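# Survey of secondary and tertiary structure
Listed here are the chains, written in short residue letters.
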Amino acid sequence: MDPLLDPLTGDYAGGSTDTLANAVYLRLMTPLGGWWADPTLGSRLHELSRSKDSSRIDLLACQYAEQALQPLQQDGRASRIQVSSQRPGSGRLLLDIEVADAGGRTRHFQHQVRIA
């Protein structure tokens, strides 16, 4: 079990987790190539903060999240990953992420992306 990271603050939440919550959070929040120990860890979601708010951003955000989470499937920790998006307001995009772990348990995560 790992110490649980709070997705709102990025700090330790005080509890522990046996799910893929930390792996999902770190892969989405870390800029691709930004971690010295693994240049393949991370996502390109940070690039969207400089993009204009258009309909194609939804598709790009889903693709970037799927690419970032793909290693979880490749190493066998996840059996299925689905990403969808919704617009809660102008300048924001909310990613709904569903991850089925190797044991068959399905977990839901939300990740907010700021866009210009």
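Up top is the structure.
The sections below set out a description of the structure shown in this document. Small disclaimer: the values here were computed from a predicted structure and weren't measured. One numbering rule holds for all chains: residues counted from 1, following each sequence as written. Where local features are concerned, this predicted model is filtered to residues with pLDDT of at least 70; where side-chain atom pairs are given and counted, the filter is 80 or more; whole-chain, interface and lining totals use all residues. Excluding hydrogens and water, the side-chain figures rest on all heavy atoms present in the structure.

### Observations regarding the sheet that holds strand β5 (residues 106-114)
Filter applied, for reference: Following DSSP output, two strands are said to pair if at least two bridges run between them. Numbered from the N terminus, helices here are DSSP runs of H or I no shorter than four residues, and strands are runs of E no shorter than two. Here, axes are lines fitted to C-alpha atoms. For helices the fit covers the stretch in contact, and angles between N-to-C directions go from 0 to 180 degrees. Residues count as neighbours in contact if any of their non-hydrogen atoms are within 4.5 Å of one another.
With antiparallel pairing, three strands are arranged side by side in an open sheet as β3-β4-β5. Because the sheet does not close on itself, it has two edges, and the strands there are β3 (78-89) and β5. Averaged over all adjacent pairs, the angle separating strand axes in this sheet is 20 degrees, with direction ignored. Two elements, strand β4 (residues 92-101) and β5, share nine bridges in a ladder whose sense is antiparallel. Each bridged residue has a counterpart across the sheet, and for Arg-92 the counterpart in β5 is Arg-114. Against the sheet, helix α1 (residues 21-29) touches β4 and β5, its axis set at about 20 degrees to β5.

### Looking at the pattern of salt bridges
Note the cut-off: Should a side-chain nitrogen of Lys or Arg be within 4 Å of a carboxyl oxygen of Asp or Glu, the pair is scored as a salt bridge. Under the scheme applied here, a residue whose accessible area is under 20% of the maximum for its type counts as buried, over 50% as exposed, and between as partly exposed, the area being computed with a 1.4 Å probe on protein chains only.
Counted by the stated rule, this structure contains six salt bridges. Arg-87 serves as the salt-bridge partner of Asp-53, at 2.2 Å between the closest nitrogen and oxygen. With Asp-53 in the loop between α1 and α2 (56-74) and Arg-87 in strand β3, this pair connects stretches of sequence that are 34 residues apart. Looking at Asp-53, the relative accessible area reads 33%, which means it is partly exposed. Taking the shortest distance from any N to any O, the salt bridge between Asp-58 and Arg-87 comes out at 2.5 Å. With a gap of 29 residues between them, Asp-58 in helix α2 and Arg-87 in strand β3 connect regions that are remote in the sequence. Using a relative accessible area of 35% as the deciding quantity, one classes Arg-87 as partly exposed. Here the residues in one salt-bridge network are Asp-53, Asp-58 and Arg-87, joined through shared partners.

### Observations regarding the nonpolar core
Note the cut-off: Among the buried residues, those of types Ala, Val, Leu, Ile, Met, Phe, Trp, Tyr and Cys that are joined through side-chain atoms within 4.5 Å form a nonpolar core.
Val-24, Leu-28, Leu-45, Leu-48, Leu-95, Ile-97 and Val-99 are the most contacted members of the largest nonpolar core, which has 26 residues in total. Listing elements by their share of this core, those giving two or more residues are α1, α2, β3, β4 and β5. Looking at this core, the element that brings in the most residues is α2, giving nine residues.

### Comments concerning the side chain of Asn-22
Structurally, Asn-22 is set in helix α1. Not counting residues within four places of it along the chain, the set of residues in contact with Asn-22 comprises Asp-2, Pro-3, Leu-4, Leu-5 and Thr-17.

### Some remarks on the pairing of strand β1 (residues 2-5)
Looking along a regular strand, one sees side chains alternate from face to face of the sheet. Here three bridges tie β1 to strand β2 (residues 12-17), and the two strands are oriented antiparallel to one another. Bridge pairing in β2 places Leu-5 opposite Tyr-12. Hairpin connection from β1 to β2: six residues lie between these consecutive antiparallel strands, with Gly-10 at a positive phi of about 80 degrees.

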